[in-house]
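What the coordinates show
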2 protein chains.
Amino acid sequence: MKFSVIHTSSECDARIGSINIGEIEIPTPVFMPVGTLATVKTLSSEEVKELSEGIILSNTYHLYLRPGIEVIEEAGGLHSFMNWDRIILTDSGGFQVFSLNGLTKTNDEGVRFRSHIDGYYHFFTPEKVIEIQIKLGSNIIMPLDEPVPPDASYEYTERSVKRTSNWAKRSIECFRKNNIQRKPLVKEKISKIRNENYLFGIVQGGFFKDLRKISVEEICSIEFSGFAIGGLSVGEEKLKTYEILKFTSSLLPKDKPRYLMGVGTPEDIIFAVSCGIDMFDCVFPTRAGRRGLFFTSIGKINIRNKKYEKDFSPPDPNCECFTCKNYSRAYIRHLIKSEEILGYRLTTIHNLYFFKKLMSEIRESIKENRFYEFSKKILEVFNLQK
Amino acid sequence: MKFSVIHTSSECDARIGSINIGEIEIPTPVFMPVGTLATVKTLSSEEVKELSEGIILSNTYHLYLRPGIEVIEEAGGLHSFMNWDRIILTDSGGFQVFSLNGLTKTNDEGVRFRSHIDGYYHFFTPEKVIEIQIKLGSNIIMPLDEPVPPDASYEYTERSVKRTSNWAKRSIECFRKNNIQRKPLVKEKISKIRNENYLFGIVQGGFFKDLRKISVEEICSIEFSGFAIGGLSVGEEKLKTYEILKFTSSLLPKDKPRYLMGVGTPEDIIFAVSCGIDMFDCVFPTRAGRRGLFFTSIGKINIRNKKYEKDFSPPDPNCECFTCKNYSRAYIRHLIKSEEILGYRLTTIHNLYFFKKLMSEIRESIKENRFYEFSKKILEVFNLQK
């Protein structure tokens, strides 16, 4: 894995660069669509290739429960299972363990949780989640961390920072010891890409600057291939989040990719890019799409609204995506209201196209040192609606 | 509309031909996928073009209730609404009215029914369903008929034959009086095809040969563009159905397309083709697909079965469809079991591809006078499984 910063904005910390993994080059800042259960919901891998920069996120926790790691391992890994010959980043499952489960028990060894599907108990250790992700053949592996709730006390957060650092060390040791070269498959491109595996570190520290600083120092002293900021997409107050984000990002090494987990909306992405963030993932464009929400060049549109019943114009008047070129607001409204699968597909296709284009325009504007001007335009479109 | 019989089998009444509507040519025998709510479930119109011969069926009853005829009329008709520039056949809604509604009241004027969505009362007359289909811009319009349950008495069936004939006459009068040329749209191909509108007749008569004969005589004395056999896909005993089908089909004029409504399975299609049927529609391949059933060259496969959990071979080892070329049984099983939309799409794509290929092979075998040999192969594959 090679990360290069090509240009840093003259206006702020925003930067463009590229992540090279094997033969694949990912331009940054990049948005990664989420394929929770080895599928970006509604889309084929072929479609996701068109609608992304060739990198997706998939969820260790969900795959562990369904179909189970053994099935994916026997398939030759996740790339092979879902027929995806680009980059896969998998999360550690930590976020799901803590957010989808009322009852978790955490100690220094790891975390015990109940499956949200059948209620069975499972135990994740830092080593176990690394081993799982190695079996998946993930390209960018995330270590187990302990996120804290937004209202966590200083003492609680301090303990979790310490635990996260401790788990980070165990993770890289386990990764170094257990990472493997996999036997060749018939599909050459998949065969190759599966053998490119890297480990990122995750910074925690809640809403306390000094704890964030400690976490950055501890995590960044470990030889990870990139660094993620955790715990900043859990529904906290926006200004506070932005402040912590800016502070934390400024402490991260410049020569490694910076990844803001679980973000976000166009507004949040714009702010984070200005802080020097390079990677994003979020279910929002796809999930909101399935509920009928379009992100467009003129703001958000809820296609279920009665006023679109006989609106035969495209969802976004300035868009060249498959959906906008072929289908009308009235038709998609009918599909979504009738719970027709094509409706979910058409909104998903448009929203991912929109986010891909947004990131591309962000990169272009950074390159040309007019990121502020561009940001202003986007913020006006999306903030005026609120 | 032009219908030509190209060749009749030397072995039976099976025949190949073509239906020409505007610039579009449909080879027969043909299978029409069902797009109930202005969408063949899970697929875009672009995909349906690939997976069909360019003709689909859509349901008047369902479109009337959702999104409502007015919306589709304002869109410039159903072709424009769903971005489909090929042929659309719409049914009369009669079948749905009688099958989806416990309480219908029929008299000579028409039929009163309750919406299965909100329980409101509606009244369909032969004239009304023609007017609706004209507004939809349907290419092949079906008149309102009165299907009878499989166990209907002779007297009841006789009355329904008379009523169906009476309604047929009112339908063609209404069609002649009200059919319109529509104003041009931007999309030229859709603009043209929408103005090609034809009316078929429907033969009823339940399981009484003499009533079927009367119905054929009365319906075929009217100048319809083709003839459908109704009332033979409602779950009756197979041998009895086959007997009535063979008898009725043999009475129909040879120079008009013959359409067997609501059929069917590969076995039923094979038998009907041998009786000289030219057109079929059925939700079975798409609906069963969404439940995980694959039609394959080696028979039916229920992908939910545990034995496919680690089966990384394609659904059909002898298939060139998108699904079989890219995805494994194990992956699709995982998707279907996890209720992932991509799973429903992949089974639908394969099944429609399978039916399209089946019809193409049927036509080829008729052309080469080896339809019996081919049929035997198909029947062995699908009957051995039962």
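Residues numbered from 1 in each chain as written. Chains lettered and ligands numbered in written order. Predicted model: local features only at pLDDT ≥ 70, side-chain atom pairs only at ≥ 80, totals over all residues.

**Quick notes on the interface of chain B and chain A**
As a reminder of what qualifies: C-beta atoms are placed from the backbone for every residue, and two residues are taken to be in contact when these atoms lie within 7 Å. In this description a helix means any DSSP run of H or I spanning at least four residues, a strand means any run of E spanning at least two, and both kinds are numbered starting from the N terminus. Under the scheme applied here, ten amino acids are nonpolar (Ala, Val, Leu, Ile, Met, Phe, Trp, Tyr, Cys and Pro), four are charged (Asp, Glu, Lys and Arg), and all others, including Gly, are polar.
Every contact between the two is made by 29 residues of chain B and, on the other side, 30 residues of chain A. Of all the elements in the fold, those that place two or more residues in the side of chain B that touches chain A are helix H3 (69–74), helix H4 (78–82), helix H14 (329–337) and helix H15 (341–367) of chain B. Take the side of chain B that touches chain A: its biggest share by element is 4 residues, from H14 of chain B. Looking at side-chain class alone, the side of chain B that touches chain A contains 16 nonpolar, 7 polar and 6 charged residues.

**Section: the relation of the copies chain B and chain A**
Let me state the cut-off plainly: Here the copies were fitted onto each other by least squares, based on C-alpha atoms from residues at pLDDT of at least 70 in both.
Once turned by 180 degrees and shifted 0.0 Å along the axis, chain B lies on chain A with an RMSD of 0.0 Å. When the rotation and shift are considered jointly, the pair of chain copies conforms to a two-fold rotation axis. Of every C-alpha in chain B, the one belonging to Ile341 of chain B sits nearest the axis of rotation, 3.6 Å from it. The fraction of interface residues of chain B whose copies in chain A are also interface residues reaches 100%, indicating that both copies meet through the same surface.

**Thoughts on the pairing of strand E2 (residues 15–21) of chain A**
Successive residues of a regular strand alternate their side chains across the two faces of the sheet. Residue and element names in this part refer to chain A. Cut-off, in case you're wondering: Labels follow a simple rule on C-beta atoms placed from the backbone: if 20 or more others lie within 10 Å of a residue's own, it is buried; if 12 or fewer, it is exposed; otherwise it is partly exposed. Following DSSP output, two strands are said to pair if at least two bridges run between them.
Most of E2 sits inside the fold, with 5 of its 7 residues counted as buried. Of the strand pairs in this sheet, strand E1 (residues 2–8) and E2 are connected by 6 bridges, and their pairing is antiparallel. Bridge pairing in E2 places Thr8 opposite Arg15. Hairpin connection of E1 to E2: 6 residues between the antiparallel strands. Examined bridge by bridge, E2 and strand E3 (residues 24–28) share 5 bridges and lie antiparallel to one another. Paired with Ile21 across the strands is Ile24, a residue of E3. A loop of 2 residues connects E2 with E3, the two strands running antiparallel in sequence, and Gly22 in this loop sits at a positive phi of about 60 degrees.

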